[in-house]
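Listed here are the chains, written in short residue letters.
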Amino acid sequence: MSVKSYLKPQSVTDALIMAKTHANYLYFAGGTDIQVYLKQQLIKPDHIIDLSDIGELQNIASNDENISIGSMTTLDAISKNNSIYKDFPLIVEAAQSIGTPVIRKTATVGGNILVNNRCNFYNQSFGWRQAIGSCLRDVGDLCQVTKTSGKCFSRNVSDLAAALFCLDAKVIISNQNEGLELSIVDLYNQDGIDFHKHLDHDGILTKIILPIDAGSTWFKKLRIRNTLDFSSLTIAAKVYDNRNFRIGLNGVSMSPVLITGNLDMIDLEGIKSLARKSCKTVDNDMMPLKYRREMIDVYLDQWWVSIQK
Amino acid sequence: MSGPIGKRTPYIEAVQKVTGQAQFAEDFHFSNMLYVKFLRSPHTHAKIQNINLSKAKKLAGVCAISIGRDLPIPFGVLPISPDETAMAVNKVRYIGEIVAAVAAESEKIAHEACSLIEVDYEPIRDFLEPDDSLIDCSPDEQIHSHSKNGTNVHKVAELYFNDPKKAIQNSDISCTRTFKFAGVTHGFTEPHATVAQWNDDETLKVITATQVPHYLQKYLSKVLEIPLHKIRVIKPVVGGGFGGKSDPFPHEIITSYLSIKTHRPVKCVFTREEVFISNHGRHPTKMTLSVGADKQGKITGLDTDIVIDGGSYGSFGVVTSYYNGVLLQGPYRINEFGFTTTRTYTNKPQCGAMRGHGAVNPRYAMEVIIDELSHSLKMDPCDFREKNFLPANTLTVGQLRITSNGVLDCLKAVREKSAWDERYGNMPDGRGLGIACGFFISGSALPINWNRYPQTVVHTKLDFDGRVVIFSGASDIGQGSDTMLVQITAEELGITMDRVQVEVADTKLTPVDLGSYSSRVTFMVGNAAKSSSIKLRDELIKTISKEKNIKPESIQFENNRIFTEDKSLNMSWDEGVEICLAGRGSIVTMGYYISPQLGGKFKGSGAGLSPSYSFGAFISEVSVDKKTGAVKVEKVWGAHDCGKALNPLAVEGQIEGSIHMGLGQAISEELVYENGQFLNSNFIDYKIPSTLDTPDMDVTIIESDDKEGPYGAKEAGEGPIHPVLPAIGNAIFDAVRVRMYELPITPDKVLRAIKEKI
Ligand SMILES: Cc1cc2nc3c(=O)[nH]c(=O)nc-3n(C[C@H](O)[C@H](O)[C@H](O)COP(=O)(O)OP(=O)(O)OC[C@H]3O[C@@H](n4cnc5c(N)ncnc54)[C@H](O)[C@@H]3O)c2cc1C
Ligand code: SF4
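Before going further, it helps to examine the environment of Leu-411 of chain B. All names here are of chain B. Here Leu-411 is to be found in helix H12 (residues 407–417). As a C-alpha pair, Leu-411 and Gly-616 span 205 residues in sequence and 7.4 Å in three-dimensional space. Setting aside its immediate chain neighbours within four residues, Leu-411 contacts Cys-382, Glu-386, Phe-389, Ile-435, Cys-437 and Ala-617.

Put into structure tokens, the structure is as follows:
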């Protein structure tokens, strides 16, 4: 890795100016995701713009209607915040399922929402990738999973995203054109290479806004170990007024998947069928494909049982 | 015992380690040092047609580049299979094999230079599965030309005593099953690291993370063609080995070579991925095991056919092949016994020795089958085992000499502590208990390099300052052997441990020890240290009794004092030392250990011979989620017969570590190959259990007092791993009535088995 400069802006405005004047830059939040990418030569930025000194990105503020979380808040900090703990236990559960206690001290909410998609055949060293002839997402012509040249199916693994989908979160992005507010769902593309949208014009994710409303939530993450592992399937679900539901699934497709509806209009089998159709799951995780698909059904069964109580 | 023996004793280097002061190989820095990086093969099997170094040589900061033909002399830890060279010569045999090495002013430059080396390869047919390696191929396609009969078989090890096939056929009941075991690796914390320094006097100093400094010295001498007496190998503090640092390694030889070539110190530190590529872990294994029994539950015969996937080179593979079979001779009496193990070469990183060497996978198979036989006979699996235990002081059918044997006490302990009799078979659906026993060598009685010297020699030096220094080649790799040496010496001399220091594992300063493998150190080096310190004590007694005119047999040593019962003599240690050294100065005594003559007179009789064997019994409790197949190991009760716990704290640590490591192989760890390279050569995807996955542990130490072990001690570092895996497998059966014949027992496999049963 030969980075030419390591920049530490003090404000979002500064950061945007630096981004404009430094081609091939990389925003660096906690760095727990991208440092591995740098080491494996999956990304080769000339400049790193470290967002950690920007105080305005680290606030958690709440009023009667919503809570806003600065994108640079660490996962550890949101797990320990009383308001979040009270109103959004789902967020705490999702955050605590990520990495390890040490990683969560550095990893940020924004970094997790924008964590890079993963694939067994891509998240490898340069030498490893060279030996298999690389892949579409890197410098090759073929997807090593499907052996076709059409599409990349790398998986989005953000556990928070699944939770934020079902909580109907909004995100605020600042960019060279002043910025925009959008539903978190609109941040993602069903594309294994170009997996985020609306971050053009040097976009910085600044805030996440969570509407406070009642409802019962449920969360489960599939992994071999009880810590450290990336998700092989994450499901977060919420049932709220008049039996409406929102289910966020992740780890099983190129972007998080949202399923919404009303429990009076659709039964469990219908929800499962929707989930199966919406997830483009391929064999690019350490857990076998068939098993991960089966677990979508099993987890939804478990959620269903939980809401009958 | 009045000294530290038998007392819970923290390791003497513990504070250094936890405060970051301990020096590992990577911590050594010398001025003017170069750094080495390797160019590795991207092919599983290919001829090297041409290597073009011209661009790499031109890069500023590159000081030397070497390739295979610079170091063509073959080596291998076993002198019977020297099939490896430091770098690939003419052809590569696995992805990741070293093709060229660059020494440069910085790691970055070395790395960049590697990317500038151009190699032309001509791919050859590769052999990735053992089944492919068993069939004939053309000589051109053979991984090694010395494989017999035009195949890629490395070794066939077989031993048959009596007629096990017939005995099993004629048995009241029998059980035959085929098992599959994924490859696993050691997962030690410290990556391989080596610093080599070629000195002006044409001597070579190599500081390296190794378990076998003296073997490395031997192979450095062979490959570099430097006399042994000019090579000094130093083992600094080592961050774990588990067998993965017990071969002489290519990087150690290459780093040394580059230091000689450049006349500068050279350092090599592996990345974690390189550690995985280097592997030498447990062989992926497929085995079919048949065991027969009579109606009373007596085992009538055992016959097994095993294929182990050795990867591209030999390593310890010949020993592994034998251990897969011979170590099934305990802890049960089996008079009709036979095995065939076939080790194949494949175009993958090589496998070798790993904790519990060779015997872990067969132990799983055996203990699962015993469970099945007990069920068929409607007999409690503990009772079945009890009926078949070997007694103490006996010979097995293959003439392994059993001395002390505490297996029955182990079984009784875990049976009682786990409330087995009340709970087994009576637990709620999805929860279960499983039992398994184990058996392992306490050091190999025969050295792998045959020689006429003792297994180990220890020197004990006493000087005017009252300090005792132990010189031993023993390699402490975290198992606590330095502490053991100090404890023994302090015990024998009646002094506190702070007066005893160690100089260890430095081939210039310390006498030969063969290394930390096969659980030999406590037994063999412990005996040598004890004998050496007894000689030193005798020397003190002789001089003091003469000067003070006191009967030698009345002199005692305790608490830094030398005295007689009636206190007619009552002096401090320092006063005694002054008398002892008067007129001659510092003295050095010497102790050694030679294994007894053991074994039969048949081919292969040497395999598995040990002066003593450890035994164990473990019970595990699991819960299984029938919807997801996820297994949670809730608790493990482990009882291990280590003869005598010289340091109960260390023995407990070894048993707990074994439970953790066994748990990993049982339920989550697996080296996943993708076209010959590992898909998971990192600690996120290679699933070593975390603290949150680790069960409650209840450890019992059984002391059977071995008559030849130091103070009765035998091994505790490897034996405890064997029963862990099958105890988990058997508990899963108790919980959900499915038998798991394939490791690791991941949730998908459990779920599949549950569904197949329904
Ligand atoms: C051992 C280990 C285990 C892990 N386990 C998990 C897990 O279980 N689940 C999981 O989801 N992740 C996991 N991760 C990945 C990662 O640690 C987390 O996703 C973490 O939350 C990322 O946050 P970060 O602040 O470190 O992001 P960074 O690494 O700094 O950034 C991640 C990406 O987001 C971009 N980015 C960050 N902040 C902004 C912003 N404000 N505006 C615009 N772009 C931005 C960066 O440019 C980069 O592309 C793991 C990582 C490791 C090393
Ligand atoms: S899904 Fe295919 S293209 Fe995408 S990263 Fe994996 S191998 Fe590459």
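We are not done yet, so read on.
Under the definition given, this model contains 27 aromatic pairs over all chains. On the numbers, 5.0 Å between centres and 15 degrees between planes, the contact of Phe-439 of chain B with Tyr-613 of chain B is stacked. Highlighted residues: Phe-439 of chain B in strand S18 (residues 431–441) and Tyr-613 of chain B in strand S26 (residues 613–624), separated in sequence by 174 residues. Each of the two residues, Phe-439 of chain B as well as Tyr-613 of chain B, counts as buried. Arranged with centres 5.9 Å apart and planes meeting at 85 degrees, the rings of Phe-523 of chain B and Tyr-593 of chain B form a pair that is edge-to-face. Of the two residues, Phe-523 of chain B sits in helix H15 (residues 521–548) while Tyr-593 of chain B sits in strand S25 (residues 587–593), which places them 70 residues apart along the sequence. You'll find Phe-523 of chain B and Tyr-593 of chain B in the same group, each marked buried. Ring pairing ties together the aromatic residues Phe-161, Tyr-322, Phe-337, Phe-339 and Phe-602 of chain B, which thus form one cluster. Taking the ring centre of Tyr-122 of chain A as reference, the NZ or CZ of Arg-137 of chain A above it sits at 3.8 Å.

The full set of residues close to ligand 2 is Cys-119, Phe-121, Tyr-122, Cys-135, Leu-136, Arg-137, Cys-143, Gln-144, Val-145, Cys-152, Phe-153 and Ser-154 of chain A. Taken together, the residues of the shell around ligand 2 break down into 9 nonpolar, 2 polar and 1 charged.

Within the structure, ligand 1 sits among 35 residues, and Tyr-27, Gly-30, Gly-31, Thr-32 and Thr-108 of chain A are positioned closest to it. Residue neighbours of ligand 1 fall on chains A and B, so the site bridges chains. The contact in question runs from an oxygen atom of ligand 1 to an N or O atom on the side chain of Thr-32 of chain A, over 2.5 Å. The separation between an oxygen atom of ligand 1 and a polar main-chain atom of Gly-99 of chain A is 3.2 Å. Its free accessible area being 970 Å², ligand 1 has 94% of it covered by the protein chains. Those elements that provide at least two residues to the shell around ligand 1 are strand S2 (25–28), helix H7 (109–113) and strand S8 (204–211) of chain A. Its residues placed into classes, the shell around ligand 1 shows 18 nonpolar, 13 polar and 4 charged.

This part covers the side chain of Asp-513 of chain B. Topologically, Asp-513 of chain B is positioned in the loop between strand S21 (500–504) and H15. At 2.7 Å, the side chain of Asp-513 of chain B and the side chain of Thr-456 of chain B are in polar contact.

Turning next to the pattern of salt bridges. Residue and element names in this part refer to chain B. Tallied over the entire structure, the rule returns 54 salt bridges over all chains. Its salt-bridge partner being Glu-386, residue Arg-415 comes within 3.5 Å of it at the nearest N-O pair. Placement of Arg-415 in helix H12 and of Glu-386 in helix H11 (residues 381–388) is noted, with a sequence separation of 29 residues between them. Accessibility expressed as a relative area gives 14% for Arg-415, which makes it buried. For Glu-386, a relative accessible area of 32% gives the class partly exposed. When the shortest N-O distance is used, the salt bridge between Lys-461 and Asp-463 registers 4.0 Å.

So, on to the interface of chain A and chain B. Contacts between chain A and chain B engage 25 residues on the former and 30 residues on the latter. Across the interface of chain A and chain B, roughly 2400 Å² is buried in total on both sides, 59% from carbon and sulfur atoms. Linking chain A with chain B are 2 salt bridges, by the criterion used here. The salt bridge partner of Lys-687 of chain B is Asp-229 of chain A, with a shortest N-O separation of 3.3 Å. Applying the counting criterion to the chain A and chain B interface returns 11 residue pairs in polar contact (both at pLDDT 80 or more). Those elements that place two or more of their residues in the side of chain A that touches chain B are helix H8 (126–132) and helix H11 (289–308) of chain A. Considering every element that reaches the side of chain A that touches chain B, the biggest residue donor is H11 of chain A, with 6 residues.

This part covers H15 of chain B. Look at H15 of chain B: 38 Å from first C-alpha to last across 28 residues, which is about the 40 Å you get at 1.5 Å a residue. Immediately beyond the C-terminal end of H15 of chain B, within one or two residues, lies Asn-549 of chain B, with a positive phi of roughly 55 degrees.

This part covers the sheet that holds strand S22 (residues 556–558) of chain B. Residues and elements named next belong to chain B. Taking strand neighbours across the sheet as the criterion, the 3 strands line up as S22-S23-S24 in an open arrangement whose pairing is antiparallel. If you trace the sheet from one side to the other, it starts and ends with S22 and strand S24 (570–572), each paired once. The mean angle between the axes of side-by-side strands here comes to 25 degrees, regardless of whether they run parallel or antiparallel. Bridging between S22 and strand S23 (residues 561–563) involves 3 bridges; their strand directions are antiparallel.

Each value, and the rule that gives it
- Residues numbered from 1 in each chain as written.
- Chains lettered and ligands numbered in written order.
- Predicted model: local features only at pLDDT ≥ 70, side-chain atom pairs only at ≥ 80, totals over all residues.
- Heavy atoms only, no water.
- Helix = DSSP H or I, 4+ residues; strand = E, 2+ residues; numbered from the N terminus.
- Contact = heavy atoms within 4.5 Å.
- Phe/Tyr/Trp six-rings, centres within 6.5 Å; stacked < 30°, edge-to-face > 60°.
- Buried < 20%, exposed > 50% of the residue type's maximum accessible area, 1.4 Å probe, protein only.
- Lys NZ or Arg CZ within 6 Å of the ring centre and 35° of its normal.
- Near = heavy atom within 4 Å.
- Nonpolar A, V, L, I, M, F, W, Y, C, P; charged D, E, K, R; others polar.
- Polar contact = N/O pair within 3.5 Å; in protein donor to acceptor, adjacent residues only side chain to side chain.
- Areas by Shrake-Rupley, 256 points an atom, 1.4 Å probe, with all protein chains shown as cover.
- Salt bridge = Lys/Arg side-chain N within 4 Å of Asp/Glu carboxyl O.
- Buried area = accessible area lost by both parts, 1.4 Å probe.
- Expected span 1.5 Å × (residues − 1).
- Pairing = 2+ DSSP bridges.
- Axes fitted to C-alpha atoms, helices over the stretch in contact; angles between N-to-C directions.

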